[in-house]
Structure formats: C-alpha cells, structure tokens
Amino acid sequence: MTETVCVVGLGYVGLPLAIEFDDAGKSVIGYDVDPDKVADLDAGIDPTGDVTDEGVASSDVTFTTAESRIWEADYVIVTVPTPVDSMENPNLQYVESAAETIGGHVSPGTTVVLESTVYPGATESVLAPALESESEFTVGEDVFVGYSPERASPGDTGRSVSDVVKVVGANSEEVREDLADLYGSIVDAGIHRAPDIETAEASKVIENVQRDMNIALINELAIACDHMGLTTKDVLEASGTKWNFHDEYSPGFVGGHCIPVDPFYLTYQSKRDGFSPKLVLQAREINEYVPVHAARKTVKTINDAGRVLQDTRLLVLGLAYKPGVGDIRSSEVGSMIEKLDEFDIDCVGYDPHANPEESRDVFDIEVTESVDLAAYDGVVVATAHEEFSGYELESMASALDSDPVMVDVADVFDADEAAEHGFHYAQL
C-alpha cells in the first residue's frame, strides 16, 4: 500500500518537502494552522515562492487545516519555526503545540519526525512528552520519534531537498533504517545515519555555528581594516593567493532563520551541561554589530559627499535576508535602517522579490514597487539580488542627484568603476 506522509507546517521547509514526497509517489497530507495559507495552496498559489505556483497546482498534496487528517499518516514530519525569545533562549512553543496536536490524532505505529532546529535532547525532552500528553500511546512502544534536520537552502541552485545529504537520527536501528528508506525515496545525494537523535540534533546547530563564526571572522577583519584605512576586498584578495587561505567568505549581513538563531540553541544546552562556548557567542555579537557598522559607513559617506544627513534620501536596494528570495523575516537590513533613522536619514526600500505590503509593515518605511533613481541622493545595496548586477553605473549616477552616494554592503558593483562615474562609494 502507498505510504502516507503528513507534513505539519507548510512554510519554506515543509512545502518543498511535501511536494517532493508527492513527486515520489507518496500519499501526502499538508497540514497547517493558517487557513489563508491553506486556501492559497488549494488555489495553486505558492506563498513561499520556492516551489512555484505550477508546482503546487500540479501536485496531488491534500492541503488542510483539519487535525483529524493526521490519523491517516504513517509518518508525520514536523517543520514548524523554532525561534529564540527576547532573552535569546530557545522558544519551542511551536514544537510543543504541534506535538500536542499530533498526539491527539496520531495512529499506532506512526513515526513522528522533527525537522525543526532544536538543541540536543529536545526531541525526547520536549516533543515526545508533548506527544504523550495528548495521546494514549507511549513513545517507543506504540508510536516512534526521530530527527532529521532540514538542510535545503531557498534560492540556491543545487541546494534543494533532493540535492543535499539527509541526516537521519533515531534511538533504535529499526526506526533509523525506516527513516533512511523514507527519505531515500526523495533524496538523491544520499543518507547519513547518525547513531542517535542527539547527534543528529547537534549536527544541525553546529553546521550553522561554523558558518556564523567564519563570516564573523571576515566581518571583524573588515571592521578592523576600515579603522586602519584599508580596503577589505583588496586585503582579502591578496590573502587569497595563499593555497590554504579560505576565500569563500566575504563581509556582509548574516540574516535568516538559521544562522543567527542556531548558535543560541547550541550554547543554551551547553551552558545547562556546564560549559559556556564563549567564541560562539562572540561571533554572534560581531555579526549582530555589522548593520550598525554599515549604517555608520553610510553616514560617513554622506558626510564625505558634502551632504546634510537630514536632507538625504536613500534607496535601499534589497530587503530580503539573502539573494534570490523574497523572505524578509530575520533580515538584518532592518537593523541598518533603524540605525540610519536615528540620524534622520530618509530611507525608501525596494526589493524585486519581497512582498511590498509586508515589507512596509516589517521595516516601517516607504517601499516602492519600481525604481526611479531621480527621486534619491544615493543608494544602499543591501542584498545581492541578480537584478541589481544588471544596473549600469553610468545610468544610475546620471539619474541620481549630483554627488551621488553608494554604499555597497552586498559588494555588487566595482569600486573603481563607481568612482569613475562620480559616486561617493563605500563597501564594508
């Protein structure tokens, strides 16, 4: 018989997963608590922009808000948000709520898999008890749990669900092999079997901690170079000529739902177990400072151009947290805009991928749906969307007011060429 997979949470992680299982011939139920999202999906509209409307419309996934449909599933995969609270502690309320909902409708023999980022031990200490609290079943006897961290990267070619090695973790060989078979039906890159759930949980947070720390190093070097009057890009280019220098990193904002959050999940559990990873937290502190540094560079560039801060109007090109996507949640662009507002600098946003209405609410600024550079004194290139690289510097400089300013946070344009066309240009 065809296996039934229920995906709980139909966002940037859950929706592509549901579509992949559908393509693999599984019977798929997509459950979400948001009726508007489910209505869009039923109408063939992809609210994430990652699957495409056609991909949603042509699928056989059953999208629903009916909790009772969970009973039909052989596997329930949980892909709900796991943010941090105001004190930067893990907030697992969505995991608990989802597990309680599942527990009230799960059928015996079902395996519940958590894909959301959590600290090591959370699947068994948070998800499993919540399942049991609303169920007559016992985890490990009647129903089973496993962990398989999401790894897809929205907007990146070759980084979809099927393209990235899938880690699966379980505390019994039988469940682990069962999950390896399940995910093997949709993942071409291969399956890595972690020895237990906690190892799989830790692997997820550590892979993003490593990236956060590497970017933090480059960001700190960029700030140091700026204070020494050096051009960071030139310094890194020279350093990159040595065979063992890692040249894949560049200074910039670190936003999104994983990298800025996962370090706190690691340090939270590590502190509880008696060790505080100081380097991890310092890296996070550096990356959180970068928007402030970018704002100060912008202020300095405006002053160098002989402009009055309060009379300067800037177009911020790019509001999303990464190129090629429209996701503005956890975007560090907002932190930069807030700092510029303290100097009474007027900022208007533009993003070819992000929803304008949502952007206005999130950033609390005017957001334009088309670009008319004649209305501005300069630009801040905050996100390296491919569309921006096609802009001609000569045309931009001609359209902007005299002595135009360009702060190229995303390193889209050439500094020498920008200067040739009259820009007062700055990078991180």
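Structure: above.
Residues numbered from 1 in each chain as written. Predicted model: local features only at pLDDT ≥ 70, side-chain atom pairs only at ≥ 80, totals over all residues. Heavy atoms only, no water.

J.: I keep staring at unusual backbone geometry and nothing clicks. Help me out?
T.: Among all residues except glycine, the phi angle is most often negative; among peptide bonds, the trans geometry is most common. If you check the backbone angles, E88 has positive phi at about 65° while not being a glycine. Within the secondary structure layout, E88 lies in the loop between β4 (75-78) and α4 (93-103). Judged by its relative accessible area of 34%, E88 is partly exposed. At D411, a residue that is not glycine, the phi angle is positive and equals roughly 55°. Its place among the elements puts D411 in the loop between β13 (405-408) and α15 (415-420). (Helix = DSSP H or I, 4+ residues; strand = E, 2+ residues; numbered from the N terminus. Buried < 20%, exposed > 50% of the residue type's maximum accessible area, 1.4 Å probe, protein only.)

J.: Would you take a moment to explain the sheet that holds β13 for this structure?
T.: Pairing between sheet strands relies on hydrogen bonds along the backbone, with the strands arranged either parallel or antiparallel. Ordered in space as β11-β10-β9-β12-β13-β14, the six strands form an open sheet in which the pairing is parallel. Among the strands making up the open sheet, the edge pair consists of β11 (366-367) and β14 (424-427). Here strand β9 (residues 313-317) pairs with strand β12 (residues 378-381) via four bridges, running parallel. When the sheet's bridge partners are listed, L314 is paired in β12 with G378. (Pairing = 2+ DSSP bridges.)

J.: Can you help me understand the packing of helix α7 (residues 197-227) against helix α9 (residues 262-272) in this one?
T.: Any two packed helices are characterised by how steeply their axes cross, that is the angle between the axes, and by the distance between the axes. At a minimum axis separation of 8 Å, α7 and α9 run at an interaxial angle of 120°. Our classification of the angle between α7 and α9 gives oblique. α9 is crossed by α7, and the crossing has left-handed handedness. Across from K204, V205, I206, N208, V209 and D212 in α7, the residues of α9 making contact are D262, P263, Y265 and L266. For the contact of α7 with α9, a count of residues per class yields six nonpolar, one polar and three charged. (Axes fitted to C-alpha atoms, helices over the stretch in contact; angles between N-to-C directions. Parallel < 35°, antiparallel > 145°, perpendicular 65-115°, else oblique. Left-handed = near helix turned anticlockwise from the far one by under 90°. Contact = heavy atoms within 4.5 Å. Nonpolar A, V, L, I, M, F, W, Y, C, P; charged D, E, K, R; others polar.)

J.: Explanation requested: the pairing of β13 in the structure shown.
T.: Along any regular strand, the residues point their side chains to alternate faces of the sheet. The side-chain alternation of β13 yields two buried faces, one formed by V405 and V407 and the other by M406 and D408. Here four bridges tie β12 to β13, and the two strands are oriented parallel to one another. Bridge pairing links V379 to M406 in β13. Both β13 and β14 contribute to a ladder of four bridges, which runs parallel. Considered in β14, the bridge of V407 is made with A426.

J.: Please clarify how the packing of aromatic side chains should be interpreted in this entry.
T.: How two aromatic rings sit relative to each other is given by the distance of their centres and the angle of their planes. Across all of its chains, the model carries five aromatic pairs by this definition. Centre to centre, the rings of F21 and Y183 are 6.0 Å apart; their planes meet at 50°, and the pair counts as tilted. Of this pair, F21 sits in helix α1 (residues 14-23) while Y183 sits in helix α6 (residues 173-184); the two residues are 162 residues apart in sequence, bridging distant segments of the chain. Consider the rings of Y350 and F388, whose centres lie 6.3 Å apart with planes at 50°: the pair is tilted. Here F388 lies in helix α13 (residues 386-389) and Y350 lies in strand β10 (residues 346-350), a separation of 38 residues in the sequence. Summarising the burial analysis for this pair, Y350 and F388 share the class buried. Ring pairs connect the aromatic residues Y119, Y265 and Y268, which therefore count as one cluster. Here the guanidinium or amino end of K166 rests over the ring plane of Y183, the centre of that ring lying 4.5 Å away. Sitting over the ring of W243, K242 keeps its end group 5.2 Å from the ring centre. (Phe/Tyr/Trp six-rings, centres within 6.5 Å; stacked < 30°, edge-to-face > 60°. Lys NZ or Arg CZ within 6 Å of the ring centre and 35° of its normal.)

J.: Which parts of the structure should I look at to understand the pattern of salt bridges?
T.: Working definition: two side chains of opposite charge can pair if their charged atoms are close together. Enumeration over the complete set of coordinates arrives at 19 salt bridges. Notably, a salt bridge pairs R329 with D327, separated by 3.1 Å at the nearest N-O pair. Its relative accessible area of 39% is what places R329 among the partly exposed residues. Assessed through its relative accessible area of 4%, D327 is described here as buried. Linking E342 and K339 is a salt bridge whose minimum nitrogen-to-oxygen distance equals 3.2 Å. Placement of both E342 and K339 in helix α11 (residues 333-342) is noted, with a separation of three residues, approximately one turn of the helix. For K339, a relative accessible area of 19% corresponds to the buried category. (Salt bridge = Lys/Arg side-chain N within 4 Å of Asp/Glu carboxyl O.)

J.: Could you clarify how one ought to interpret the nonpolar core in this entry?
T.: What tends to happen in soluble globular proteins is that the nonpolar side chains get buried as a cluster. One finds I102 and L127 to be the most contacted residues of the largest nonpolar core, which totals 38 residues. When residues in this core are grouped by element, the largest group, five residues, is from helix α5 (residues 122-133). (Core = buried A, V, L, I, M, F, W, Y, C linked by side-chain atoms within 4.5 Å.)

J.: I would appreciate a short explanation of a nonpolar patch on the surface in the present structure.
T.: Among the surface-exposed residues, M228, L230 and V235 lie close enough to one another that they form a single nonpolar patch of about 270 Å² accessible area. Considering the arrangement of structural elements, one finds L230 in the loop between α7 and α8 (232-239). L230 sits in the partly exposed class, given a relative accessible area of 43%. (Patch = residues over 30% accessible without salt bridge, like charges linked within 9 Å, V, L, I, M, F, W, Y side chains within 5 Å. Areas by Shrake-Rupley, 256 points an atom, 1.4 Å probe, with all protein chains shown as cover.)

J.: Just checking my understanding: could you explain the side chain of S148 for this structure?
T.: As for its placement among the helices and strands, S148 is situated in the loop between β6 (144-147) and β7 (166-169). Apart from the residues lying within four places of it in its own chain, the contact partners of S148 are V113, L114, E115, K166, V167, V168 and Y183.

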